[in-house]
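Chain residues, written in single-letter form:
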Amino acid sequence: MTQQPTALPKPKLGEPYLLTPGPLTTSIDVKEAMLRDWGSWDGDFKAMTAELRKGLISLLGDGSEAYDCVPIQGSGTFAVEAMLGSFTPKTKKTLILSNGAYGKRAVETMAYLGRPVEVLDKGDYLPPRGPEVAALLKADPEISHVLIVHCETSSGILNPLQEISDAVAAADRTLLIDSMSAFGSIPVEPSKLQFAAMVSSANKCIEGVPGFGFVIAHRAELEAAKGNSHSISLDVHAQWAHMEKSGQWRFTPPTHVVAAFLEALRAHKAEGGVAARGARYRTNRDAMVSGMRALGFETLLDAEWLSPIIVTFFCPADPAFSFPRFYELMKARGFILYPGKLTVVDSFRVGCIGQMDEHVMRGVTAAASDVLKEMGVESAAPPAEALAERAKLAA
Ligand SMILES: *Cc1c(COP(=O)(O)O)cnc(C)c1O
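Residues numbered from 1 in each chain as written. Predicted model: local features only at pLDDT ≥ 70, side-chain atom pairs only at ≥ 80, totals over all residues. Heavy atoms only, no water.

I tried to follow the overall build of the protein on my own but got confused; where do I start?
A count of helices and strands for the protein gives 13 helices and 14 strands. A compact globule built from 395 residues should have a C-alpha radius of gyration of about 21 Å, and the protein, at 21 Å, falls within 12% of that. Reported as C-alpha extents along the three principal axes, the dimensions of the protein are approximately 60 × 55 × 35 Å. Taken over 395 residues, the protein has a buried fraction of 56%. In the protein, 73% of the contacts between residues at least 6 apart in sequence involve partners at least 24 apart. Counting only carbon and sulfur atoms, one obtains 56% of the accessible surface of the protein, whose full area is about 15900 Å². Distance between charge centres in the protein, computed from 39 positive and 45 negative side chains, equals 2 Å. (Helix = DSSP H or I, 4+ residues; strand = E, 2+ residues; numbered from the N terminus. Rg over C-alpha atoms; globule rule 2.2 N^0.38 Å. Buried < 20%, exposed > 50% of the residue type's maximum accessible area, 1.4 Å probe, protein only. Contact = heavy atoms within 4.5 Å. Areas by Shrake-Rupley, 256 points an atom, 1.4 Å probe, with all protein chains shown as cover. Lys, Arg positive; Asp, Glu negative; His and termini not counted. Charge placed at Lys NZ, Arg CZ, Asp CG, Glu CD.)

Written out as structure tokens, the structure is:
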């Protein structure tokens, strides 16, 4: 089945669309899958866990046989911490490529773990580039691992994963990927990328509900991670070994979330997999961004860096504009937006992922047009400082 030509069914009458990158708008089928109870020890649930792991690995495409999938209870951050605690060394250094909130959180996580890091800090949204990473790795033989955030959801930048993977592989170091908000809509393929482990969660591009994350790691890395974790509940090796042996999660699994996720995985496959999911999100983004630009809004990032996941817009300079009021008036029209996370200028974000299509996105921009009129905002153009900030990216 290809992309549906008509509008997707509304999530539920009266329920707003979540233009946020998870939790996001899920289908009725996903929600309905949660309407029964499952025994965590039972064979039926073990089969569900096996199906979940297999389904996720298959999204890697060619070369997936070398990898295994380990679900971890909790939100995405728990899975990131599990990956870092299980795969980064205690003595050698990990280079964190930071250009937003999630890169910063990874640095903070490593501080909690007491493990040595080097940080390439690119600020709020500038991308890390291959040559600078290559130079850092060349200069410091103590760096053994590198962490990249695939889509930095705080600005919406799609970081140059292939370029970084190539630089890390050429320097013979180990790559870890936070693909939380990208996996399932943007390829992460071992046939093109060299990575030890990556992490994502249930409530982003696969369009499930929140409750677990998952680490997809090379089997050799999973074997080697024995005894490396700082934490009993976040030990990826232990969770993996237990699942391999018993088919079960070590501690109470989020049974209903798993049932919902399997439904979401089926829908992902029926839509056409990673390529089709990514295509729908790009169409969503393009419809939404062009509508917003027509109103005078400007994106933080140039087209080259805009992810199909979430887009940051500058707040208009017009004094009649206030984001809290804009938010409330958009909500009254059925759309929940997301505040910005930039430190330098005021911004807000609009997500493109979830059970939404271009029709919904055009509804968003039509609502934004009405709301600007209601607020008495004459122009949605950003202040001059915002554009000066953006020029830095081009430089
Ligand atoms: C969502 C997200 C996370 C995890 O966030 P949680 O709120 O813990 O689910 C981590 N990294 C990135 C890039 C994300 O988008």
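Here the narrative resumes, following the displayed structure.
Explanation requested: the site of the ligand in the structure shown.
With respect to spatial proximity, the complete set of residues near the ligand consists of Ser 75, Gly 76, Thr 77, Tyr 102, Arg 105, Val 149, Cys 151, Thr 153, Asp 178, Met 180, Ser 181 and Lys 204. In this structure, an oxygen atom belonging to the ligand sits 2.5 Å away from a side-chain N or O atom of Ser 75. Contacts to the ligand include Lys 204, whose side-chain N or O atom sits 2.7 Å from an oxygen atom. Its free accessible area being 390 Å², the ligand has 86% of it covered by the protein chains. Per-class residue counts for the shell around the ligand are four nonpolar, five polar and three charged. (Near = heavy atom within 4 Å. Polar contact = N/O pair within 3.5 Å; in protein donor to acceptor, adjacent residues only side chain to side chain. Nonpolar A, V, L, I, M, F, W, Y, C, P; charged D, E, K, R; others polar.)

In this structure, what is going on with the state of the cysteines? I would like to understand it.
One way to say it: the disulfide is the covalent bond shared by the sulfur atoms of two cysteines. As enumerated under the stated definition, the model contains zero disulfides in all. Note on Cys 315: no disulfide assigned, nearest cysteine sulfur contributed by Cys 352 at a separation of 17 Å. (Disulfide = S-S within 2.5 Å.)

Any chance you could explain the sheet that holds strand 13 (residues 338–339) here in plain terms?
Whenever strands of a sheet pair, they do so through backbone hydrogen bonds, lying parallel or antiparallel. Across the sheet, three strands lie side by side as 11-14-13; this open sheet has antiparallel pairing. Looking at strand neighbours, the two that pair on one side only are strand 11 (310–314) and strand 13, the edges of this open sheet. Bridging between strand 11 and strand 14 (residues 347–351) involves five bridges; their strand directions are antiparallel. Opposite Ile 310, over in strand 14, you have Gly 351 as the bridge partner. (Pairing = 2+ DSSP bridges.)

Mind showing me how you'd approach the domain arrangement of the protein here?
Interface size is often expressed as the accessible area that is lost when the parts come together. Split into domains, the protein comes out as domain 1 (17–22 + 273–394) and domain 2 (28–269). A separation of 28 Å is found between the C-alpha centroids of domain 1 and domain 2. With 29 residues of domain 1 at the contact, the number on the domain 2 side is 30 residues. Summed over both sides, the interface of domain 1 with domain 2 buries roughly 2400 Å², with 59% coming from carbon and sulfur. Among the residues domain 1 hides against domain 2, the three largest losses belong to Val 274, Arg 277 and Trp 305. Together they make up 29% of the total. At the boundary of domain 1 with domain 2, the tally comes to two salt bridges. (Domains from an automatic or database assignment. Buried area = accessible area lost by both parts, 1.4 Å probe. Salt bridge = Lys/Arg side-chain N within 4 Å of Asp/Glu carboxyl O.)

What should I look at first to understand helix 8 (residues 236–246) in this one?
Two residues of an α-helix separated by three or four positions point the same way, owing to the 3.6 residues in each turn. Listing the buried residues of helix 8 in full gives Val 236, His 237, Gln 239, Trp 240 and Met 243. Looking straight down helix 8, one finds its buried side chains confined to an arc of 165°; they lie on one side. At its buried positions, helix 8 is contacted by helix 2 (43–58), strand 2 (67–73), helix 3 (76–87), strand 10 (212–218) and helix 7 (219–224). Where helix 8 starts, the residue carrying a side-chain oxygen 3.1 Å from the main-chain nitrogen of His 237 turns out to be Asp 235. Positive backbone phi, approximately 80°, marks Gly 247, located one or two places after helix 8. (Arc of directions from axis to C-beta.)

Mind showing me how you'd approach the pairing of strand 2 here?
Within a regular strand, the side chains alternate between the two sheet faces. Burial analysis of strand 2 places seven of its seven residues in the buried class, which makes it a mostly covered element. Relative to strand 10, strand 2 runs antiparallel, the two being bridged by seven bridges. Residue pairing across strands places Tyr 67 opposite His 218, the latter belonging to strand 10.

Explain the side chain of Asp 68 to me, please; I cannot follow it from the model alone.
Within the secondary structure, Asp 68 sits in strand 2. On the basis of relative accessible area, Asp 68 is assigned to the buried category, the value being 4%. Within the structure, the side chain of Asp 68 is placed 3.2 Å from the side chain of Arg 219, a separation counted as a polar contact.

Teacher, can you tell me more about the sheet that holds strand 3 (residues 93–98) here?
Judged by pairing direction, the sheet is mixed, and its seven strands sit side by side in the order 2-10-9-8-5-3-4 without closing on themselves. Each of the sheet's edge strands pairs with one partner strand only, and the pair in question is strand 2 and strand 4 (117–121). In this sheet, adjacent strand axes meet at a mean angle of 20° when their direction is disregarded. Pairing of strand 8 (residues 174–178) with strand 9 (residues 197–201), which is carried by three bridges, proceeds in the parallel orientation. Bridge pairing in strand 9 links Asp 178 to Val 199. Packing against the sheet, helix 3 makes contact with strand 2, strand 5 (143–149), strand 8, strand 9 and strand 10, and its axis sits at approximately 165° to strand 9. Docked against the sheet, helix 6 (residues 161–170) engages strand 3, strand 5 and strand 8, running at close to 160° with respect to strand 8. (Axes fitted to C-alpha atoms, helices over the stretch in contact; angles between N-to-C directions.)

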